[in-house]
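Structural description and commentary
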Amino acid sequence: MSNLLVDVRELNLWYGKYKALDNINTSFTAGKCVVICGPSGSGKSSLLRCVNRLEEFQEGDVLFEGQSLRECTNIASLRSEIGMVFQHFELYPHMSILDNITLAPRYAKKKSKPDAEAHAYVLMERVGITDQALKYPAELSGGQQQRAAIARALALEPKLMLFDEPTSALDPEMIVEVLRVMRDLAMEGMAMLVVTHEMGFAREVSDEIIFMDEGKIIERKNTEDFFSNPNSKRVQDFLDRILVKI
Amino acid sequence: MALNYDFEWGLLLENPHKEWIIEGLAHTVGLSLTAWVIALIIGILIGTIRMTQSPLLRFIGTAYVEFFRNIPLLVQLFIWFFVFPLMLPNDLMFAWNRLPHVPLITALLALSLFTAARVAEHIRAGISSIPKGQFDAARSSGLTQVQMYRHVIIPYAFRVMIPTITSEFLTVFKNSALTLTIGVAEITGAAKAIEAWSFHGIEAYTVASVTYMTTTAIVVLFMSWLEHRLRIPGLIARK
Ligand SMILES: Nc1ncnc2c1ncn2[C@@H]1O[C@H](COP(=O)(O)OP(=O)(O)OP(=O)(O)O)[C@@H](O)[C@H]1O
Ligand SMILES: [Mg+2]
């Protein structure tokens with residue numbers, strides 16, 4: 001119980017009149033990697049974005065380490081405990097990779113520049129982009145950019161990492177290098193929430209899998225069970241479709 | 001008549017003409033540059049608050065832009081020059097009138113605030129053109145609104161907007177000629193004075209035109225140098 005990290009309670013989210021999340025109840029513990037999958041428009045990104053309140057939900061609550069996001073008055077400081085990685089990397093194009101990585105540590109976490117840079121080099125080493133430190137995002141390959149974005153998120157020394165389809169915009173040969181970094185991260189015990197269609201990754205790396213459809217969690221199982229005996233027809237159909245695609 | 005015109009270019013180097021020209025040059029260039037810089041600062045501020053989530057700030061921003069953009073500059077000059085001092089409390093009004101160079105200060109005020117409204121509109125368009133994911137990235141990393149705009153959004157928007165900002169200088173620079181109407185001795189005013197004094201209008205207005213053209217050329221060169229320096233490596237140069 002002590003390692004409960006995120007607690008989602010009766011969460012409802014609307015975009016205008018459209019209900020994107022429908023009474024979500026779930027929780028995530030420290031040290032686990034959970035994959036979220038489901039068809040397009042099922043609310044995967046929305047759920048992820050509620051966990052750091054990028055999306056302002058209307059009903060229910062999300063507790064991060066027991067702290068209510070709804071009542072949180074200093075959301076910026078809470079967000080700096082959670083790293084996020086996006087489908088399209090979203091590196092800041094006008095800054096070098098090094099500056100991309102040190103920006104939030106310096107201004108959100110008030111680290112000194114030398115400290116932030118020293119840590120940035122450690123992280124770049126870890127994701128294998130040390131040579132790119134002084135280059136600008138547009139000078140890197142997609143895979144390098146995404147690894148830089150992962151380093152940027154890790155620079156927050158986060159307690160949780162959110163990944164929203166981190167490999168969907170990448171060519172196949174680059175997907176592997178990004179997934180490898182993510183796998184190592186999971187092995188080291190980083191808590192991770194990963195929206196992805198990479199079922200190979202899910203199978204090999206994740207501890208649990210959540211399947212969503214129409215704003216609801218249809219099924220949540222540990223990884224092995226999910227693949228061996230999914231109990232809902234919808235999951236079965238989804239798996240058939242997505243595994244055929246691969 | 002033009003055929004009988006006696007060109008006397010040397011006249012321009014004689015006093016009082018020379019003094020007028022030097023003073024006019026200094027006023028035109030100084031006034032425009034200062035107004036431009038002030039307009040950039042205020043414009044970035046107003047343009048940015050129009051993009052925030054606060055309804056009050058957005059209202060203030062919109063009100064500012066609509067007010068200053070929709071009244072002709074000439075009218076604004078007259079308002080600042082004739083009406084504004086009257087609206088001050090008595091002791092402030094006397095203090096205002098005792099200021100040295102009231103026309104110049106008024107001109108600076110009017111030009112800056114007018115141009116700031118235009119800059120604010122450009123900034124708003126610039127910020128709207130920034131991918132939403134940039135905001136997500138900045139917010140999710142724990143930056144506050146102010147930090148996000150200061151380090152991510154505005155520097156990004158600024159680079160996109162350098163050509164627009166340059167053309168705003170050309171506008172404020174040419175608009176500065178209007179300030180002769182409230183008695184600022186800028187270069188067009190100087191040309192007018194020389195023409196009245198010596199009947200050598202062609203030479204006088206040539207000097208004014210050359211002033212506008214060379215200053216413009218210098219600023220355009222400087223800005224393209226700046227654009228090149230701030231160019232984001234790896235991105236294909238925008239036309
Ligand atoms: N900003 C928004 N405004 C309006 N509707 C939105 C917005 N964001 C998402 N939606 C809608 O909410 C629903 C859930 O969106 P969400 O992005 O969470 O789905 P998803 O599962 O991540 O889908 P995908 O696999 O396509 O990324 C979709 O129908 C989408 O069209
Ligand atoms: Mg999505």
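Summary of the structure given here. (Residues numbered from 1 in each chain as written. Chains lettered and ligands numbered in written order. Predicted model: local features only at pLDDT ≥ 70, side-chain atom pairs only at ≥ 80, totals over all residues. Heavy atoms only, no water.)

Considering the overall build of chain B
Within chain B one finds nine helices and zero strands. When the helices and strands of chain B are placed in sequence order, the string is α-α-α-α-α-α-α-α-α. Overall size of chain B, expressed as C-alpha extent along the three principal axes, is 75 × 55 × 25 Å. Across the 239 residues of chain B, 46% fall into the buried class. Across chain B, the fraction of contacts at a sequence separation of at least 24, relative to all contacts at a separation of at least 6, is 75%. When the accessible surface of chain B is split by element, carbon and sulfur atoms take 71% of a total near 12,600 Å². When the 17 basic and 14 acidic side-chain charges of chain B are each reduced to a single mean position, those positions are 20 Å apart. (Helix = DSSP H or I, 4+ residues; strand = E, 2+ residues; numbered from the N terminus. Buried < 20%, exposed > 50% of the residue type's maximum accessible area, 1.4 Å probe, protein only. Contact = heavy atoms within 4.5 Å. Areas by Shrake-Rupley, 256 points an atom, 1.4 Å probe, with all protein chains shown as cover. Lys, Arg positive; Asp, Glu negative; His and termini not counted. Charge placed at Lys NZ, Arg CZ, Asp CG, Glu CD.)

A closer look at the overall build of chain A
Secondary structure assignment for chain A yields nine helices and ten strands. Relative to the compact-globule value of 18 Å for 246 residues, chain A shows a C-alpha radius of gyration of 18 Å, a close match. Seen through its principal axes, chain A has C-alpha atoms that stretch 50 × 45 × 35 Å. Within the span of chain A, comprising 246 residues, buried residues form 56% of the whole. Within chain A, contacts between residues at least 6 apart in sequence are counted, and of these 64% link residues at least 24 apart. Surface summary for chain A: the accessible area is close to 10,700 Å², and the carbon and sulfur share equals 46%. (Rg over C-alpha atoms; globule rule 2.2 N^0.38 Å.)

Concerning the interface of chain A and chain B
Contacts between the two partners involve 26 residues from chain A and, on the opposite side, 22 residues from chain B. Between chain A and chain B, a total of about 2,000 Å² is buried, with carbon and sulfur atoms accounting for 62% of that surface. On the chain A side of the interface with chain B, the three residues burying the most area are Tyr92(A), Pro93(A) and His94(A), jointly 28% of the side's total. Counting across the chain A and chain B interface gives one salt bridge. (Buried area = accessible area lost by both parts, 1.4 Å probe. Salt bridge = Lys/Arg side-chain N within 4 Å of Asp/Glu carboxyl O.)

A word on the packing of helix α6 (residues 132–140) of chain B against helix α7 (residues 145–175) of chain B
Residues and elements named next belong to chain B. Interaxial distance between α6 and α7 falls to 10 Å at its minimum, and their mutual angle equals 160°. Considering their axes alone, α6 and α7 lie roughly antiparallel with respect to each other. Considering only the axes of α6 and α7, their crossing is right-handed. For the pair α6 and α7, the contacting residues are Gln134, Phe135, Ala138 and Arg139 in the first and Met148, Tyr149, Val152, Ile153 and Tyr156 in the second. By residue class, the composition of the contact of α6 with α7 is seven nonpolar, one polar and one charged. (Axes fitted to C-alpha atoms, helices over the stretch in contact; angles between N-to-C directions. Parallel < 35°, antiparallel > 145°, perpendicular 65-115°, else oblique. Left-handed = near helix turned anticlockwise from the far one by under 90°. Nonpolar A, V, L, I, M, F, W, Y, C, P; charged D, E, K, R; others polar.)

Re the site of ligand 1
Residues and elements named next belong to chain A. Around ligand 1 lies a shell formed by Tyr15, Tyr18, Ala20, Pro39, Ser40, Gly41, Ser42, Gly43, Lys44, Ser45, Ser46 and Glu165. In the model, an oxygen atom of ligand 1 is placed 2.8 Å from a nitrogen or oxygen of the Gly41 main chain. Across the complex, the protein chains shield 60% of the 620 Å² of accessible surface that ligand 1 would expose by itself. For the shell around ligand 1, the secondary-structure elements that each account for two or more residues are β2 (18–29) and α1 (44–51). (Near = heavy atom within 4 Å. Polar contact = N/O pair within 3.5 Å; in protein donor to acceptor, adjacent residues only side chain to side chain.)

Notes on the packing of aromatic side chains
Applying the stated criterion to the full structure yields 14 aromatic pairs over all chains. Ring centres of Phe226(A) and Phe227(A) lie 5.5 Å apart, and the angle between their planes is 85°; on these two criteria the pair is classed as edge-to-face. Ring pairing ties together the aromatic residues Trp36(B), Phe169(B), Phe173(B) and Tyr212(B), which thus form one cluster. For Arg152(A), the ring lying beneath its charged end belongs to Tyr92(A), and the centroid distance is 4.6 Å. Against the face of Phe227(A) rests Arg203(A), its NZ or CZ located 4.4 Å from the ring centre. (Phe/Tyr/Trp six-rings, centres within 6.5 Å; stacked < 30°, edge-to-face > 60°. Lys NZ or Arg CZ within 6 Å of the ring centre and 35° of its normal.)

Observations concerning α6(B)
Taking burial as the measure, the nine residues of α6(B) include eight buried ones, the bulk of the element. Buried residues along α6(B) sit in contact with α1, α2 (75–79), β6 (82–85) and α5 (142–154) of chain A together with α5 (102–128) and α7 of chain B. Phi turns positive, to about 95°, at Gly142(B), one or two residues after α6(B).

With respect to the pairing of β2(A)
Residue and element names in this part refer to chain A. Where strand β1 (residues 4–15) meets β2, eight bridges bridge the pair, whose relative direction is antiparallel. What sits directly across from Val6, in β2, is Phe28. Linking β1 to β2, which pair antiparallel, is a turn of two residues; within it Gly16 sits at a positive phi near 60°. (Pairing = 2+ DSSP bridges.)

A short note on the sheet that holds strand β7 (residues 160–164) of chain A
Residues and elements named next belong to chain A. Read across the open sheet, the six strands follow the order β6-β7-β8-β3-β9-β10; overall the sheet is mixed. Each of the sheet's edge strands pairs with one partner strand only, and the pair in question is β6 and β10 (216–222). Within this sheet the neighbouring strands show an average axis-to-axis angle of 15°, counted without direction. Sheet analysis places strand β3 (residues 33–37) next to strand β9 (residues 208–213), joined by four bridges and oriented parallel. Looking at the pairing, Val35 lines up with Ile209 of β9. Its contacts with the sheet place α1 against β3, β6, β7, β8 (191–195) and β9, and it is angled at close to 155° to β7.

What to know about empty space enclosed by the protein
Taken as a whole and judged by the stated rule, the model has one cavity of 30 Å³ or more. Lining the largest cavity are Gly83(A), Met84(A), Phe86(A), Tyr92(A), Ala149(A), Arg152(A), Ala153(A), Leu156(A), Ala137(B), Ser140(B) and Ser141(B). Those elements that place two or more of their residues in the lining of the largest cavity are β6 and α5 of chain A together with α6 of chain B. In terms of residues, the lining of the largest cavity owes the most to one element, α5(A), which gives three residues. (1 Å grid on protein atoms, 1.4 Å probe; cavity = no way out; pocket = protein on both sides within 12 Å on 5 of 7 lines; lining within 4 Å. Points joined across faces, edges and corners; volume = space filled by probe spheres on them.)

Points about the pairing of β1(A)
Inspection of the sheet shows β1(A) paired to strand β4 (residues 59–64) of chain A by five bridges, in the antiparallel sense. Counted as the bridge partner of Asn12(A) is Glu59(A) from β4(A).

Remarks on the nonpolar core
Residue and element names in this part refer to chain A. Val6, Leu11 and Leu160 are the most contacted members of the largest nonpolar core, which has 92 residues in total. Filtering out sequence-adjacent residues up to four positions away, Leu11 remains in contact with Leu21, Asp22, Asn23, Ile24, Leu47, Cys50, Phe57, Glu59, Gly60 and Val62. In this structure, Met174, Ile175, Ala186 and Val205 belong to the second largest nonpolar core, which totals 49 residues. (Core = buried A, V, L, I, M, F, W, Y, C linked by side-chain atoms within 4.5 Å.)

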